[in-house]
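# Per-entry structural report
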Amino acid sequence: FFFMAGVNALAVKRSNALLGYGANVVYSEGMSFGSIIRVFSYLFGLMAFGIAVSIGPIRQWMLRSGKLPKPGEGPSEESMLQGHLVLTGVAKGKNGSKAKASLTFPVDPGYLDTARMAVESALALSLDERVPKQGGVLTPAACQGEVLLERLVATGSTFEYI
């Protein structure tokens, strides 16, 4: 379970409407775990955390004891530098063909790389002549596409066809 999955799915659906990927596009997200034990451990931890923060006295204890960050606090720089994200996309054609690619973000995507992605998106929109100058409700794929991918790779991400 990834809390942004619903938002991501809507962005893909909108991109498909704008770019015409096809009528049979199906989008889904998942997480990779090394074993079934890790899956259940993750789900149990997520459930326990959700229950704990929804109960006022437990939430207050978690804040006082440092188990939860205080407002305005975030992860340490060391923790952010140890984080990473690997996105793997798989496309299957009508005839059974398959394409697979991977986009890797080398540091924490929630803090450090979100800022980099926002800056690179803004620079692509404002500086690159290949980005169409049109209005409307657009997605990064629809208005920046390869331009944004090139900028992300030039500033630390890696992209490869698998």
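In this report, we go over the structure that sits alongside the text. Remember, it's a predicted structure, so these values are computed and weren't measured experimentally.

Remark on secondary structure: sheet strands pair via backbone hydrogen bonds, oriented parallel or antiparallel. In spatial order, the strands read 1-2-3; together these three strands make up an open sheet with antiparallel pairing. Each having just a single partner strand, strand 1 (85–92) and strand 3 (158–161) make up the two edges of the open sheet. On average, adjacent strands in this sheet sit at an angle of 15° to one another, irrespective of strand direction. Two elements, strand 2 (residues 98–105) and strand 3, share four bridges in a ladder whose sense is antiparallel. Among the inter-strand pairings, S102 is bridged to a residue of strand 3, identified as E160.

Attention shifts here to the pattern of salt bridges. Inspection of every chain in the model, using the stated rule, returns four salt bridges. In this structure, R151 engages E120 in a salt bridge whose closest nitrogen and oxygen atoms are separated by 2.7 Å. Of this pair, R151 sits in helix 7 (residues 145–154) while E120 sits in helix 5 (residues 112–127), and the two are 31 residues apart along the sequence. We note a salt bridge from R130 to E150, for which the minimum N-O separation is 2.9 Å. Of the two residues, R130 is situated in the loop between helix 5 and helix 6 (140–143) and E150 in helix 7; the sequence distance between them amounts to 20 residues.

Running from amino to carboxyl end, helix 2 (residues 36–54) crosses helix 3 (residues 56–64) at an angle of 100°, the nearest separation of the two axes being 5 Å. By the criterion of interaxial angle, the relationship of helix 2 to helix 3 is roughly perpendicular. Of the residues in helix 3, those touching helix 2 at F49, A52, V53 and S54 are G56, I58, R59 and M62. Split by residue class, the contact of helix 2 with helix 3 holds five nonpolar, two polar and one charged.

Counted according to the given criterion, the structure contains two aromatic pairs. Aromatic pair F159 and Y161: ring centres 5.2 Å apart, planes at 80°, arrangement edge-to-face.

Another aspect to go through is the nonpolar core. Listed in full, the five residues of the largest apolar core are L103, F105, L148, L149 and L152. Only strand 2 and helix 7 provide two or more residues apiece to this core. Among the elements that take part in this core, helix 7 stands out by supplying three residues, more than any other. Those residues in contact with F105, other than ones at most four positions away along the chain, are H84, L85, L87, D113, R116, M117, L152 and S157.

All right, on to the environment of M4 then. For M4, the position within the fold is in the segment before helix 1 (5–19). Along the chain, M4 and E29 lie 25 residues apart, while their C-alpha atoms are 9.7 Å from each other.

Thresholds, definitions, all that
Residues numbered from 1 in each chain as written. Predicted model: local features only at pLDDT ≥ 70, side-chain atom pairs only at ≥ 80, totals over all residues. Heavy atoms only, no water. Pairing = 2+ DSSP bridges. Helix = DSSP H or I, 4+ residues; strand = E, 2+ residues; numbered from the N terminus. Axes fitted to C-alpha atoms, helices over the stretch in contact; angles between N-to-C directions. Salt bridge = Lys/Arg side-chain N within 4 Å of Asp/Glu carboxyl O. Parallel < 35°, antiparallel > 145°, perpendicular 65-115°, else oblique. Contact = heavy atoms within 4.5 Å. Nonpolar A, V, L, I, M, F, W, Y, C, P; charged D, E, K, R; others polar. Phe/Tyr/Trp six-rings, centres within 6.5 Å; stacked < 30°, edge-to-face > 60°. Core = buried A, V, L, I, M, F, W, Y, C linked by side-chain atoms within 4.5 Å. Buried < 20%, exposed > 50% of the residue type's maximum accessible area, 1.4 Å probe, protein only.

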